[in-house]
Amino acid sequence: MSHSDFEALDAGAVAAVLGELAGQFSLAVVPECDSTNSRLMETPADDDGRIAVLAADRQTAGRGRRGRSWLSWPGAGLTFSLRWHFMPAPHMPAGLSLVVGLAVARTLEELGVEGVQLKWPNDVLIHGKKLAGILVELSSSRGRPPAAVIGIGLNLRLPADAQVESATGVTDLAACLAAPPGPNRLLGLLLGQLHHFLDLYAAAGFPALRAAWQQRNAFADLPVRIFGEAQELAGTCAGVDDDGALLLDTPEGRRRVLSGEVSLRLA
Ligand SMILES: O=C(O)CCCC[C@@H]1SC[C@@H]2NC(=O)N[C@@H]21
């Protein structure tokens, strides 16, 4: 497929995949915007109880974690965000970004992708290479309950000359499946799984999903290093706790790392 004849996003096609769940979402698609996360952060929430979703064929200023950019080319990736309301709390609910990763992983597994792993806090890897990234941000506007804006970027078919920066390397869905779904079907499937996992999470919290996350932990029992603003830690990855914090066994004992602005690498 050339990059001029890609399948464009279409809200009706996504709704058809969602079936009766479509009524739970307020779906908007645009050919281009700066960043779907930025747009949703700035758009006031409706009071209709639906989950707002914004998907773009292309972002001109896509954002990643830790101030990085998320590059996009038409047809090369799926980029979308959704706004999810949680029980009033001043902070991001524990483990939310891990639950989002789990929903992406389940979607891929149902499509037959093998070797799906999760890299704490929120990368989706296939056999060690990054397929998707997740950016969860807290949105709070005066007089309204806080919400999480959950942004997902998933590589569908990267251009051969894509300048993508990643310590672990990157992959795309075209490399994982002989007949990868188009963006509309994939978005519908992802939203279905996100709805399912966010419902579970709202009812039972991260402890109910912790084992499922750990089964897919890319770095389980491996030596890792944590890089952050104020800390650099080395140890063996011992999974996550009930808050979604990373557990690291160091020579000084077990340390707990909250998912702020840190990144994790194999030592
Ligand atoms: O791996 C990361 O650092 C997170 C990448 C998140 C990218 C997605 S694409 C849709 C949404 N809009 C953005 O600007 N970022 C997220």
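Bear in mind the structure is a predicted one, so any value in this text is a computation, not a measurement.

S.K.: Would you mind showing me how to read the environment of Asn122 here?
M.R.: As for its position among the elements, Asn122 is in the loop between β4 (116-119) and β5 (123-126). A residue is classified by how much of its surface remains accessible, and Asn122, at 7% relative accessible area, is buried. Remark: the alpha-carbon pair of Asn122 and Arg256, spanning 134 residues in sequence, is separated by 17 Å. In this view, Asn122 contacts Arg65, Ser97, Ala132, Gly133 and Ile134; residues no more than four positions away in its chain are not counted. Within polar-contact distance, the side chain of Asn122 engages the backbone oxygen of Ile134 at 3.2 Å.

S.K.: Even after reading the chapter, I still don't get the site of the ligand, so can you show me in this structure?
M.R.: Ser35, Gln59, Arg63, Arg65 and Lys130 are the nearest of the 20 residues found near the ligand. In the model, an oxygen atom of the ligand is placed 2.7 Å from a nitrogen or oxygen of the Ser35 side chain. At 2.9 Å, a side-chain N or O of Gln59 approaches a nitrogen atom of the ligand. Burial of the ligand by the protein amounts to 99% of the accessible area it has alone, namely 420 Å². Breaking the shell around the ligand down by element, the ones donating at least two residues are α2 (36-42), β3 (77-85), β6 (129-139) and β7 (147-155).

S.K.: Explanation requested: the domain arrangement of the chain in the structure shown.
M.R.: Often, the extent of an interface is quoted as the loss of accessible area upon association of its parts. The domain architecture assigned to the chain consists of domain 1 (11-213) and domain 2 (219-266). Here the C-alpha centroids of domain 1 and domain 2 sit 24 Å apart. Counting residues at the interface gives 12 residues for domain 1, matched by 19 residues for domain 2. Where domain 1 abuts domain 2, roughly 1,400 Å² becomes buried across the two surfaces, and 59% of that area is made up of carbon and sulfur atoms. A per-residue breakdown of the area domain 1 buries against domain 2 is headed by Arg66, Trp120 and Arg210, which together make up 51% of the total. Summed over the shared surface of domain 1 and domain 2, the result is 1 salt bridge. Linking domain 1 to domain 2 there are 4 residue pairs in polar contact (both at pLDDT 80 or more).

S.K.: Hey, could you run me through the packing of aromatic side chains in this one?
M.R.: Between two aromatic rings, the relevant description is the distance of the centres plus the angle of the planes. Applying the stated criterion across every chain yields a total of 2 aromatic pairs. Here Trp84 and Phe86 contribute two aromatic rings whose centre-to-centre distance is 6.3 Å and whose plane-to-plane angle is 40°, an arrangement assigned as tilted. Seen from their ring centres, Trp84 and Tyr201 are 5.9 Å apart, and the 40° between their planes marks the pair as tilted. Linking Trp84 in strand β3 with Tyr201 in helix α4 (residues 183-204), this pair joins segments that are 117 residues apart in sequence. Summarising the burial analysis for this pair, Trp84 and Tyr201 share the class buried. Three or more aromatic residues link up through ring pairs in this structure, and these residues are Trp84, Phe86 and Tyr201.

S.K.: Would you take a moment to explain the packing of helix α3 (residues 96-110) against α4 for this structure?
M.R.: Two measures define how a pair of helices packs: the angle their axes make with one another and the distance between the axes. For the pair α3 and α4, interaxial distance at closest approach is 9 Å and the crossing angle is 135°. In terms of their interaxial angle, α3 and α4 are classed as oblique. The hand of the α3/α4 crossing is right-handed. Across the interface between the two elements, Leu96, Val99, Val100, Leu102, Ala103, Val104, Arg106, Thr107 and Glu110 of α3 pack against Leu186, Leu189, Leu190, Gln193, Leu194, Phe197, Leu198 and Tyr201 of α4. Here the residues of the contact of α3 with α4 are counted per class, giving 13 nonpolar, 2 polar and 2 charged.

S.K.: Where do I start with the pairing of β4 in this structure?
M.R.: In the case of a regular strand, side chains alternate between the two sheet surfaces. In this sheet, β5 lies alongside β4 in antiparallel orientation, the contact comprising 4 bridges. Bridge pairing links Val116 to Ile126 in β5.

S.K.: Explanation requested: unusual backbone geometry in the structure shown.
M.R.: Excluding glycine, most residues fall at negative phi; most peptide bonds, likewise, are trans. Going from Trp120 to Pro121, the amide bond is cis rather than trans, its omega being 0°. Tracing the chain through its elements places Pro121 in the loop between β4 and β5. Even without being a glycine, His127 presents a positive backbone phi close to 45°. Within the element layout of this structure, His127 appears in the loop between β5 and β6. The backbone phi angle of Asp221 is positive, close to 65°, even though this residue is not glycine. For Asp221, the location among the structural elements is in the loop between α5 (210-215) and β8 (223-228). Given the relative accessible area of 63%, Asp221 is considered exposed.

S.K.: Help me out: how do you make sense of the sheet that holds β7 in this one?
M.R.: Read from one edge of the open sheet, 7 strands run β1-β2-β3-β7-β6-β5-β4, paired in mixed fashion. Sheet topology places β1 (25-33) and β4 at the edges, where each strand pairs with a single neighbour. The mean angle between the axes of side-by-side strands here comes to 20°, regardless of whether they run parallel or antiparallel. Where α3 meets the sheet, it contacts β3, β4, β5, β6 and β7, and its direction lies at approximately 140° from that of β6.

What counts, and where the lines are drawn
The residue count restarts for each chain, going from 1 along the sequence in the order it is written. In keeping with the model being predicted, local features are shown solely for residues with a pLDDT of at least 70 and side-chain atom pairs are shown and tallied solely at 80 or more, while totals for entire chains, interfaces and linings include all residues. Hydrogens and waters are ignored; side-chain quantities use all the structure's heavy atoms. Working definition: helices are DSSP H or I runs of at least four residues, strands are E runs of at least two. Numbering for both runs from the N terminus. With a 1.4 Å probe rolled over the protein chains alone, any residue whose accessible area is under 20% of its type maximum counts as buried; one over 50% counts as exposed, and the rest are partly exposed. Residues count as neighbours in contact if any of their non-hydrogen atoms are within 4.5 Å of one another. Nitrogen and oxygen atoms within 3.5 Å of one another constitute a polar contact, given that in protein one can donate a hydrogen and the other can accept it, and given that sequence-neighbouring residues count only through two side-chain atoms. A single heavy atom is enough: if one lies within 4 Å of a molecule or strand, its residue is considered near that molecule or strand. Here the accessible surface of atoms and residues is derived via Shrake-Rupley with a 1.4 Å probe, and residues count as covered only by protein chains that are part of the display. Bear in mind that the domain bounds are from an automatic or database domain assignment. In short, buried area is how much 1.4 Å probe accessible area vanishes from two parts on joining, totalled over both. By salt bridge we mean one thing: a side-chain nitrogen of Lys or Arg within 4 Å of a carboxyl oxygen of Asp or Glu. Centres within 6.5 Å are what make two rings of Phe, Tyr or Trp a pair, Trp counting through its six-membered ring; a difference in plane orientation under 30 degrees is then read as stacked, over 60 as edge-to-face, and the rest as tilted. Structural elements are reduced to axes, namely lines fitted to C-alpha atoms, with helices fitted over the stretch in contact, and the angle between N-to-C directions of any two is expressed from 0 to 180 degrees. Oblique is the label for any angle not under 35 degrees, not over 145, and not in the 65 to 115 range, which are roughly parallel, roughly antiparallel and roughly perpendicular in turn. Take the far helix as your reference; a near helix turned counterclockwise from it by less than a right angle gives a left-handed crossing, and one turned clockwise gives a right-handed crossing. Three classes are used, and their members are as follows: Ala, Val, Leu, Ile, Met, Phe, Trp, Tyr, Cys and Pro are nonpolar, Asp, Glu, Lys and Arg are charged, and the others, Gly among them, are polar. Paired strands, as defined in this entry, are two strands with at least two bridges between them according to DSSP.

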